[in-house]
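Reading the structure
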Amino acid sequence: MVQCIITRSFNFDFNYTLSARGKAVNDFNSICGRKGVIINMRLDKYLKVSRLIKRRTVANEACDAGKISVNGKIARASYDVKTGDIIEITLGSKCVKVRVTEVKEVVRKEDAAAMYEPV
């Protein structure tokens with residue numbers, strides 16, 4: 001019996017695993033990594049947690065305005081960010097391009113920069 005912890009600390013049996021959106025999932029690794037950590041997250045939340053953008057509402061508005069692209073395509077705020085994705089943020093004349101190295105639900109301020117690497 002394998003258990004994983006999903007977003008709100010609910011424990012699910014592997015035989016009845018549910019994704020974050022309530023759909024049945026057959027593959028344990030599609031939801032949890034080897035240590036039971038979440039491996040994908042909404043784009044607007046990732047930008048806020050990684051401190052690339054200060055507030056989640058600002059990140060959401062930037063996504064709606066088409067200022068953020070993931071892997072070369074303009075992304076919506078609801079896009080699920082995964083390790084290895086390349087995020088490009090264009091705000092004003094400044095353009096920032098980063099590769100996602102890890103996705104965590106909660107990160108300390110000092111460790112936030114470890115969630116991505118500049119490209």
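Whatever comes next refers back to the structure up there.
Conventions and cut-offs
- Residues numbered from 1 in each chain as written.
- Predicted model: local features only at pLDDT ≥ 70, side-chain atom pairs only at ≥ 80, totals over all residues.
- Heavy atoms only, no water.
- 1 Å grid on protein atoms, 1.4 Å probe; cavity = no way out; pocket = protein on both sides within 12 Å on 5 of 7 lines; lining within 4 Å.
- Points joined across faces, edges and corners; volume = space filled by probe spheres on them.
- Helix = DSSP H or I, 4+ residues; strand = E, 2+ residues; numbered from the N terminus.
- Nonpolar A, V, L, I, M, F, W, Y, C, P; charged D, E, K, R; others polar.
- Buried < 20%, exposed > 50% of the residue type's maximum accessible area, 1.4 Å probe, protein only.
- Arc of directions from axis to C-beta.
- Contact = heavy atoms within 4.5 Å.

1. Considerations on the layout of surface pockets
Space inside the second largest pocket adds up to approximately 160 Å³. Lining the second largest pocket, in full, are Leu52, Ile53, Val58, Ile89, Leu91, Lys94 and Val96. At the level of secondary structure, the elements contributing two or more residues to the lining of the second largest pocket comprise strand E7 (86-91) and strand E8 (94-100). Here the residues of the lining of the second largest pocket are counted per class, giving six nonpolar, no polar and one charged.

2. Comments concerning unusual backbone geometry
The phi dihedral of Arg51 falls on the positive side, at around 65°, and the residue is not glycine. Take Arg51: it is sitting in the loop between helix H1 (43-49) and helix H2 (56-64). Of note in the backbone geometry, Asn71 takes a positive phi value of approximately 55° without being a glycine. By secondary structure assignment, the location of Asn71 is in the loop between strand E4 (68-70) and strand E5 (73-74). Classification of Asn71 as partly exposed rests on a relative accessible area of 42%.

3. Observations concerning H2
An α-helical turn contains 3.6 residues, so a residue and the one three or four places further along point in the same direction. Among all positions of H2, only Ala59, Ala62 and Cys63 are buried. The arc that holds the buried residues of H2, viewed along the axis, is 100°, so those residues lie on one side. Exposed residues pointing more than 90 degrees away from the buried face of H2 are listed as Thr57, Glu61 and Asp64. In this structure, the buried residues of H2 make contact with H1, E4 and E7. At the C-terminal side of H2, Gly66 shows a positive phi close to 80°.

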